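# Overview (structure and organization)
One letter stands for each residue in the lines below.
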Amino acid sequence: MSIHYKKGADKEKVSALLYLFSEKVNLKDLKLSDSETEYVKAKIKEEKKYFTIPRAGECLAVVVAPKTLTTQSREELRKHGASFCDAVNAAKENRAKVVDKGAGKAASLEVLEGLALSNYQFLKYKNDAEKLKNSLHDLFIESADLDDDELFRFQVGIEAVYIARDLVNEPQSYLSAVQLTEEIAGLALRGGFKAEILNKAKIESLKMGGLLAVNKGSNIPPTFSILEWKPENAKNKKPIVLVGKGVVYDTGGLSLKPTANSMDYMKSDMAGAAAVIASVYAAAAMKLPVHVVALVPATDNRPGQDAYAPGDVIEMYNGMTVEVLNTDAEGRMILADALSYAAKFKPELVMDFATLTGAAAFAIGQYGIVTMGTASDKIKKDLNQSGDEVYERLAEFPFWDEYKDLLKSEIADIKNIGGPVGGAITAGKFLEHFTSYPWMHFDIAGPAFIKGKDSYRGKNGTGAGVRFILNYLKKRGGVK
Ligand code: BES
Ligand code: ZN
Ligand code: ZN
């Protein structure tokens, strides 16, 4: 989808229009008929914040934006954008315009974001894709004070979410660990960042025992990708390193998941990888003045002939030994090696993104991201704010030492599962053993893949994490 912007009022003839007012609604320049005016007045009296105006051959709607934007009201605006998207597609309109009538550019961009994100579809495997395709493909915005650079970054942000969603929605029959590296290489060319891909031989020579162990049951080799965007004008001296869980399919391995449904959506177990890949792509495409690196360990997790087994002791990349007591706790095995590897960049902050535990999804559902880690209070505060602004809210879990004790092993340095309680936290504590820098862990098992439509987040792959990461990176780079 393309987004168009011309300074000032543009004359583009578009018959799907969303008028954005602030608290004062001035109906004069909408050229409404008397009955339409009455209708709109009634809606305003009912304090409706979004409504459509029925008119044959056109798709008109009004949003009444609040004077001050809050976490909650910004989210409302995105949802109004999503509602308008539904109306535009139902009316089979190709082009839609958001007209800012005094609501301001911040409110306008929120509406536009909800609208643009809502129009996403994944039709690659549909023979009747042409028929199913949304009618809307051109978006216009008319606002007094938008600047071109800001709108460009906005558009790249939308594109990044689409990229992450596509990657998550691709089944493992297409998206193997090797194919994932092809996608990364393609994005590196398109976005202008550097990508180094380590193959199995290289991973073996580095002795990444965690990644190799998980891969043992697979017919397809593991991969380890290093993505880097390093602009000369970077605001940070030491890079921000992102790590993404790239389990392209999780059967549980020999600790097989029960087949009834629990495996159905495990193609989404690389959503963490998708989020960090899309974010580096966007940081590069936007030319953000931040040095950022992403590490993506990738494999599928299968109960093949040679699969790693409960009871095995694995020597990890950093030399620690791990007793595997459940092969379904594979994400932490591959992330551990990537986290140890991250130290070589002497990072200012490492953030890992992973669909790591059912426990995180169970605790807070799809409504936010479970987080924990060792970064400073200042960093945590900035991260929280970044999350609130884009409504990818963070729920910080306790990270007490007692949880670490639950990982004690009889035979190795640690075991890969904890006890019956605090499953999301013991997973985080496991990872902490492999970190030696300020670090935050983000468990996106809840929001990464959803079965029912949730406004502009859509359904299936949501691109969870991308808007949050980008918002944080933009702030770090001092750009809006
Ligand atoms: N990929 C799963 C976690 C998951 C579950 C993500 C549901 C999305 C939806 C992960 O690899 C896993 O299987 N975790 C286990 C850990 C357990 C064996 C300690 C879990 O959460 O049950
Ligand atoms: Zn698993
Ligand atoms: Zn998994």
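What you see is a predicted model, and the numbers here were worked out from it, not measured in a lab.

Thresholds applied
- Residues numbered from 1 in each chain as written.
- Chains lettered and ligands numbered in written order.
- Predicted model: local features only at pLDDT ≥ 70, side-chain atom pairs only at ≥ 80, totals over all residues.
- Heavy atoms only, no water.
- Helix = DSSP H or I, 4+ residues; strand = E, 2+ residues; numbered from the N terminus.
- Polar contact = N/O pair within 3.5 Å; in protein donor to acceptor, adjacent residues only side chain to side chain.
- Patch = residues over 30% accessible without salt bridge, like charges linked within 9 Å, V, L, I, M, F, W, Y side chains within 5 Å.
- Areas by Shrake-Rupley, 256 points an atom, 1.4 Å probe, with all protein chains shown as cover.
- Salt bridge = Lys/Arg side-chain N within 4 Å of Asp/Glu carboxyl O.
- Lys, Arg positive; Asp, Glu negative; His and termini not counted.
- Charge placed at Lys NZ, Arg CZ, Asp CG, Glu CD.
- Buried < 20%, exposed > 50% of the residue type's maximum accessible area, 1.4 Å probe, protein only.
- Phe/Tyr/Trp six-rings, centres within 6.5 Å; stacked < 30°, edge-to-face > 60°.
- Core = buried A, V, L, I, M, F, W, Y, C linked by side-chain atoms within 4.5 Å.
- Domains from an automatic or database assignment.
- Contact = heavy atoms within 4.5 Å.
- Donors = N, O, S within 2.8 Å, 3.2 Å for Na, K, Ca; no water.
- Tetrahedral: all angles 85-135°; square planar, octahedral: opposite > 155°, others 65-115°.
- Pairing = 2+ DSSP bridges.
- Axes fitted to C-alpha atoms, helices over the stretch in contact; angles between N-to-C directions.
- Near = heavy atom within 4 Å.
- Nonpolar A, V, L, I, M, F, W, Y, C, P; charged D, E, K, R; others polar.

## Observations regarding the side chain of S218
Residue placement: S218 occurs in the loop between α8 (209-215) and β8 (223-229). Side-chain polar atoms of S218 contact the backbone nitrogen of I220, separated by 2.9 Å.

## A word on a negative patch on the surface
Taken together, the side chains of D145, D147, D148 and D149 define an acidic patch exposed on the protein surface. Locating D145 in the fold gives a position in the loop between β6 (138-142) and α5 (148-169). The class of D145 is partly exposed, set by a relative accessible area of 42%.

## Things to note about the packing of aromatic side chains
On inspection of all chains with the given rule, the structure shows 12 aromatic pairs. The interplanar angle of 45° and the centroid separation of 5.9 Å between the aromatic rings of F399 and W439 together place this pair among those described as tilted. Taken together, the residues span a long stretch of sequence, with F399 in the loop between β16 (394-396) and α14 (401-405) and W439 in strand β18 (residues 439-443) at a distance of 40 residues. Like F399, the residue W439 is buried in the burial classification.

## Some points on the nonpolar core
In terms of nonpolar packing, the biggest core is built from 97 residues, with F84 and L242 touching the most fellow members. Among the elements that take part in this core, helix α10 (residues 271-285) stands out by supplying 13 residues, more than any other. Two domains share this core, each providing at least three of its residues, namely domain 1 (2-146) and domain 2 (156-476). The residues contacting F84, other than those within four sequence positions of it, are A16, L17, L18, Y50, C59, A61, A96 and L115. V324, L356, A424 and F430 belong to the second largest nonpolar core, which has 48 residues in total.

## Some thoughts on the coordination of the zinc ion (ligand 3)
Coordination of the zinc ion (ligand 3) by the protein is provided by K245 (NZ), D250 (OD), D269 (OD) and E330 (OE), with metal-donor distances spanning 1.9 to 2.5 Å. Geometry at the zinc ion (ligand 3) is octahedral, judged from its six donor atoms and the angles of 76 to 174° they form at the metal. Binding-site remark: the zinc ion (ligand 3) is held by donors from one chain whose sequence spacing is K-x4-D-x18-D-x60-E. Between the zinc ion (ligand 3) and the zinc ion (ligand 2), a spacing of 3.2 Å is present, and a bridge between the two is formed by D250. With K245 in the loop between β9 (240-244) and β10 (246-250) and D269 in the loop between α9 (259-262) and α10, the pair connects residues that are 24 residues apart, well separated along the chain. Exposure class is identical for K245 and D269. Each is buried.

## A word on the pairing of strand β5 (residues 95-101)
In summary, the side chains of a regular strand alternate between the two faces of the sheet. A large share of β5 lies buried, amounting to five of its seven residues. Relative to β6, β5 runs parallel, the two sharing five bridges. Residue pairing for β6: K97 is matched across the bridge by F140.

## Quick word on the coordination of the zinc ion (ligand 2)
For the zinc ion (ligand 2), the full set of protein donor atoms is D250 (OD), D328 (O), D328 (OD) and E330 (OE), and the range of their distances to it is 2.0 to 2.2 Å. For the zinc ion (ligand 2), the six donor atoms in the first shell make angles of 69 to 166° at the metal, so the coordination geometry reads as irregular.

## Quick notes on the sheet that holds β5
Taken in spatial order, the six strands make up an open sheet running β1-β6-β5-β2-β4-β3, and their pairing is mixed. Every interior strand has two partners, whereas the edge strands, β1 (2-5) and β3 (50-55), have only one. The average angle at which neighbouring strand axes cross in this sheet is 20°, direction not considered. Two strands pair when backbone bridges link them, and strand β2 (residues 16-21) and β5 are joined in this way by four bridges, in the parallel orientation. Counted as the bridge partner of L17 is K97 from β5. This element, helix α3 (residues 105-118), spans β1, β2, β5 and β6 of the sheet and lies at about 170° to β6.

## Re the site of ligand 1
Close to ligand 1 lie 15 residues; K257, D269, D328, E330 and G358 are nearest. One nitrogen or oxygen atom from the main chain of T355 is found 3.4 Å from a nitrogen atom belonging to ligand 1. Between ligand 1 and G358 there is a distance of 2.7 Å, counted from an oxygen atom to a backbone nitrogen or oxygen. Relative to its unbound accessible area of 520 Å², ligand 1 is 74% covered by the protein chains. In terms of residue class, the shell around ligand 1 is built from four nonpolar, four polar and seven charged.

## Quick word on unusual backbone geometry
Positive phi outside glycine occurs at K31, with the angle close to 50°. As for its placement among the helices and strands, K31 is situated in the loop between β2 and α1 (34-45). K31 gets classed as exposed once you look at its relative accessible area, which sits at 71%. With phi around 60°, E47 is a residue other than glycine that occupies positive phi space. Under the relative-accessibility criterion, E47 is labelled exposed at 60%.

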